[in-house]
Each structure stands twice: as structure tokens, then as C-alpha cells.
Protein chains: 2
Amino acid sequence: MSQPDTVGRILDAAEVLFAERGFTETSLRTITSTAGVNLAAVNYHFGSKKELIQAVFERFLTPFTEHLDSELSRRASQDDDLQVDDLLQSLYSVALAGLAKDGRDPKRFMRLLGLAYTQSQGHMRRFIVLRYGSTYRRFAGLLRQALPGIDPVTFYWRLYFMLGATIFSLSSFDAIEAILREDFGAESSLEETLARLAPAATALLTGPK
Amino acid sequence: MSQPDTVGRILDAAEVLFAERGFTETSLRTITSTAGVNLAAVNYHFGSKKELIQAVFERFLTPFTEHLDSELSRRASQDDDLQVDDLLQSLYSVALAGLAKDGRDPKRFMRLLGLAYTQSQGHMRRFIVLRYGSTYRRFAGLLRQALPGIDPVTFYWRLYFMLGATIFSLSSFDAIEAILREDFGAESSLEETLARLAPAATALLTGPK
DNA sequence: CACTAATTTAAACGCTTGTTTAACCCACGA
DNA sequence: TCGTGGGTTAAACAAGCGTTTAAATTAGTG
């Protein structure tokens, strides 16, 4: 890997370590020493540990939501009656391609997303909803259009079930994959797993009341 | 609440605080002061913080798996061709009734279960699998029998999708419920949500390839 | 080159953490 | 009644934490 500037090196190290161990379990000293920078650099460039965590999320969520937004616009312009499959396909392909293109691991982002929802008493969840809520609402709106006649409360619960299935299983991807490999000798790639997840999530959303 | 012995008071306090904040974010001093016992009591009775965490899980997972085991036996004896719905119904009713009967909150256990899978680098997940794996395998086996013709890898991925949807959404129940209440004014109980989750999970498992 | 602002550095700050120690209390059996 | 052992207690321990300081260094500009 090339040697980026201090800010970039800190973000690179923090991203990996946070995903591996969680936020509170990762100290600034561990981050700065693996990044090869001085301990005080975090507070100098980011202000605090909390703001560093937010910066890590912004660095991958901002391009992700931008890609998703333009992908949704692209799909909507060429087909004004989007199906559930189309929308999930957009979501997953953006998650896979958009994030992996600079050599970073898409699984890592799923893991971070999972942590954001469970750790730090929901601080990160609120930050993400506040910062990226508009794209989320746009996606949810399109998905709801593709499920005519569904009552709103049922729809939103199913949306959360779907998000849960996605975030939980993909953020534990390595652990699950290891178990299946040991039991069945079958290696699973992330692409394969998303190809399994897409129809399952569609069934979850469209299933009978 | 009555005043149980020191061990019980520590477990009661730890259970609530861990579920609220996570394991590393909860200090032994917070636990012992809310329990009204001396700080050193944790190390005296449990040995270490790690062993306290395990004890918290054992106290609710042991009766849970026992209830689930006997419920599965009861169902199997009166109907030897169990459907997916039946099995999920067993799982959810045991989670709901079996745990709530001593006045404790079932949501709390879902939250702890979710934390066990995401925090502490999988230590707890391994502990749970090791300690309660047999009941898990029994349930998985029955579920697979109810899904004839499914290939094993697809089945197990879908099982994890289902677990993800369940654990993730129920462990964030309060947060999700608050959002839906604000947006639609519709209060949701845990029973209601499980009644929504059951058919969605069935669709997820039985859906087309 | 000289001056200034930005960055890096080593060291220390105050605080919290999990754990251990040793004195102490008190019930119970000889 | 004495003594023994399980339980409780206050106090201290060493280690780690995020953050701050002030000096040293580097980079950029007139």
C-alpha cells in the first residue's frame, strides 16, 4: 500500500481495527501505532475519538449513498415500474462494486454498519440516519411503491427484518463462512452469498401477510 | 423487588446494564453500585468480569434451551411432520413465555443475544455455540426436515438470514418501535412484532431459489 | 533568506478500568 | 466459649484510557 498522508493513514488503520474489534475495544494508541503516526495526531486532525469514528463512516457512506442515488435514478429513468428484485439488486451491486473498487473490503463496511447499530448506545445509528436519511427514505419509498397494498407498519417492520438479515449475516460473513466450509467443505464468496440473499430478501418482503 | 443474595443481585444488575450499554461500556463499579454490593464481590463470586458475562448468559439461556427442547419434543410427539410455521412458533413462544414468566423482559435477552454475536470479538458466540449447540442443531435439523429438497448450503445461509432478521430487529426493538410510533402513531408490542415476523421468516426460509 | 503558520513530537495529565490485598464481621460446630 | 471459615469491606494496585501541553520540526509565502 502506498503511504498516504497522516489523515488517510489514521482512517485506514481505524477502519480495519474498528471492524475487527469494535469502537471501545480499539484504543487510539493501537490505531496510531499501526498507522505509524503520533498518538496526538488523532486529536489534532479529528478533534476526538468520537469524531474519528464518524469520519470513518463518512468516508465510505458518502460515496456509497451517492452511488446508490445515481443508480436509483438510472434505473428509474429507464423503467418507471421498479420491482423489488431490481431495487435489491441495485442496493447489493452498489455495496459490492462501489466500495470494492479502491481495493477495500466490502465485508468490512457491513461489519461497521452492524456495529453502528449495536454499539455506542445508538449514537452512530442516529448520526447515520441524520446524515444519510434522505437516500434511505428514497430507497424505502421506491421499495414501498413496488409492494402495492401493503400497510405501512407491516412494510416498515419487514424493511427492518430485511435490513437485519442483511447487516447481521454479512457482518458475520467470515464466521458463518468458516462454519459452512468446515461442515460442508463449500467455500462461499460474498457475491454468491448476495445471490442467495437477494431472492430470500425478496421473499421476506413480498411474503403473505 | 425482593432482596436476593449477593450473586443474584449482581446478575440482575449486570443483565440490565449489559443489555443497555454493552459489555465493555459497563464497568464493574456501575454494576456493583446499582446492585448495592461491594466492588470486590464480582471477583470473589465469579472470578472475573468475563466469567460474570458468561454467568449472565447461562442464567437465561439454560432455561430457554431446556424449554425449547421440551417444546420440540412435545410437538414432535403429537405431530411427526412438523411444518416451518410450527417450529418458528415454538421458538418464538418459548422466547416470549419462557423468559417473561419471572417478570424479566424478553427484549432484554434478544438484545443480549445480539450483543453476544457482535461484541467481544465472537468470544460469547463461541461460548454459546459450545454450550448450547446441541439444542441449536436439533432445531436446525427439524427445520431442514420441514424444507425438503433444499440444498444444505442454501439452507444454512437462509437460517442465518432468519436469525439475523430476528436477533437484529428484536434487539433494536425499542429504537425501531419509537421510530414507527413517531411516524405512524402506531404502537407495537413484542407479541405483535413476533406475529409479523413469523410469516416473514417463513417466507424467507421457504422462498424460491 | 526570514517570517509565519501548520504539523509532528514526546511527555505528562487526570481519570477509569479490572483485579488484588488484608483486615474485618459473623454465623456455626466442637 | 473458642476458633474456624465463608463472606464482606475499604483501600490500594498497576495498567490503560482519551486528551492536553509545549516544544521541535517542517512547509509555504513574501
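K.L.:
Honestly, the relation of the copies chain A and chain B in this entry has me stumped. Any pointers?
P.N.:
The operation relating the pair of chain copies consists of a rotation about an axis and a translation along that axis. Superposing chain A onto chain B takes a rotation of 180° combined with a translation of 0.0 Å along the rotation axis, leaving an RMSD of 0.1 Å. Given the turn and translation reported, the copies of this chain are related as if by a two-fold rotation axis. Taken together, the interface assignments show that 100% of the residues at the interface of chain A recur at the interface of chain B, consistent with an identical surface on both copies.

K.L.:
What am I meant to see in the interface of chain A and chain B here?
P.N.:
Accessible area lost on assembly of the parts is the figure often given for the size of an interface. At the interface, 45 residues of chain A touch 45 residues of chain B. Carbon and sulfur atoms supply 73% of the area buried between chain A and chain B, which totals about 4200 Å² over both sides. In terms of surface lost to chain B, no three residues of chain A exceed W157, F168 and R196 of chain A, which account for 19% of the buried area on that side. Applying the counting criterion to the chain A and chain B interface returns 0 salt bridges. There are 9 residue pairs in polar contact (both at pLDDT 80 or more) connecting chain A and chain B. Elements with a contribution of two residues or more to the side of chain A that touches chain B: α1 (6–21), α6 (106–118), α8 (152–171), α9 (173–184) and α10 (190–206) of chain A.

K.L.:
Looking at this structure, how should I read helix α5 (residues 84–100) of chain A?
P.N.:
Count 3.6 residues to each turn of an α-helix, and residues three or four apart come out pointing the same way. Residue and element names in this part refer to chain A. The first and last C-alpha atoms of α5 sit 24 Å apart over 17 residues, in line with the 24 Å expected at 1.5 Å per residue. Residues V84, L87, L88, S90, L91, Y92, V94, A95, L96, G98 and L99 constitute the buried set of α5. Its buried side turned inward, α5 meets α4 (49–78), α6, α7 (123–145), α8 and α10.

K.L.:
Would you explain α9 of chain A in this entry?
P.N.:
For α9 of chain A, built from 12 residues, the straight-helix expectation of 16 Å at 1.5 Å per residue is met to within 8% by its first-to-last C-alpha distance of 16 Å. The elements touched by buried residues of α9 of chain A are α6, α8 and α10 of chain A together with α8 (152–171) of chain B. Phi for G185 of chain A, located one or two positions after α9 of chain A, is positive at around 65°.

K.L.:
Please clarify how the packing of aromatic side chains should be interpreted in this entry.
P.N.:
How two aromatic rings sit relative to each other is given by the distance of their centres and the angle of their planes. Residue and element names in this part refer to chain A. Applying the stated criterion across every chain yields a total of 18 aromatic pairs over all chains. Arranged with centres 5.2 Å apart and planes meeting at 75°, the rings of F18 and F23 form a pair that is edge-to-face. As far as burial versus exposure is concerned, F18 and F23 are alike and both buried.

K.L.:
What is the right way to look at the protein's contact with DNA strand C in this model?
P.N.:
For DNA strand C, the set of nearby residues contains 15 residues, the closest of which are T6 and H45 of chain A together with L28, R29 and K49 of chain B. Within 4 Å of the protein, atoms of DNA strand C come from sugar and phosphate in 46% of cases. Within the side chain of Y44 of chain A, a nitrogen or oxygen atom sits 3.3 Å from a phosphate oxygen of DNA strand C. If you list the elements that add at least two residues to the surface near DNA strand C, you get α3 (41–45) of chain A together with α2 (28–35) and α3 (40–46) of chain B. Per-class residue counts for the surface near DNA strand C are 5 nonpolar, 7 polar and 3 charged.

K.L.:
How do you make sense of the environment of G8 of chain B when you look at a structure like this?
P.N.:
Examined against the element boundaries, G8 of chain B turns out to sit in helix α1 (residues 6–21). Through-space distance from the C-alpha of G8 of chain B to that of T62 of chain B is 16 Å; in sequence the pair is 54 residues apart.

Each value, and the rule that gives it
Residues numbered from 1 in each chain as written. Chains lettered and ligands numbered in written order. Predicted model: local features only at pLDDT ≥ 70, side-chain atom pairs only at ≥ 80, totals over all residues. Heavy atoms only, no water. Least-squares fit on C-alpha atoms with pLDDT ≥ 70 in both. Contact = heavy atoms within 4.5 Å. Buried area = accessible area lost by both parts, 1.4 Å probe. Salt bridge = Lys/Arg side-chain N within 4 Å of Asp/Glu carboxyl O. Polar contact = N/O pair within 3.5 Å; in protein donor to acceptor, adjacent residues only side chain to side chain. Helix = DSSP H or I, 4+ residues; strand = E, 2+ residues; numbered from the N terminus. Expected span 1.5 Å × (residues − 1). Buried < 20%, exposed > 50% of the residue type's maximum accessible area, 1.4 Å probe, protein only. Phe/Tyr/Trp six-rings, centres within 6.5 Å; stacked < 30°, edge-to-face > 60°. Near = heavy atom within 4 Å. Nonpolar A, V, L, I, M, F, W, Y, C, P; charged D, E, K, R; others polar.

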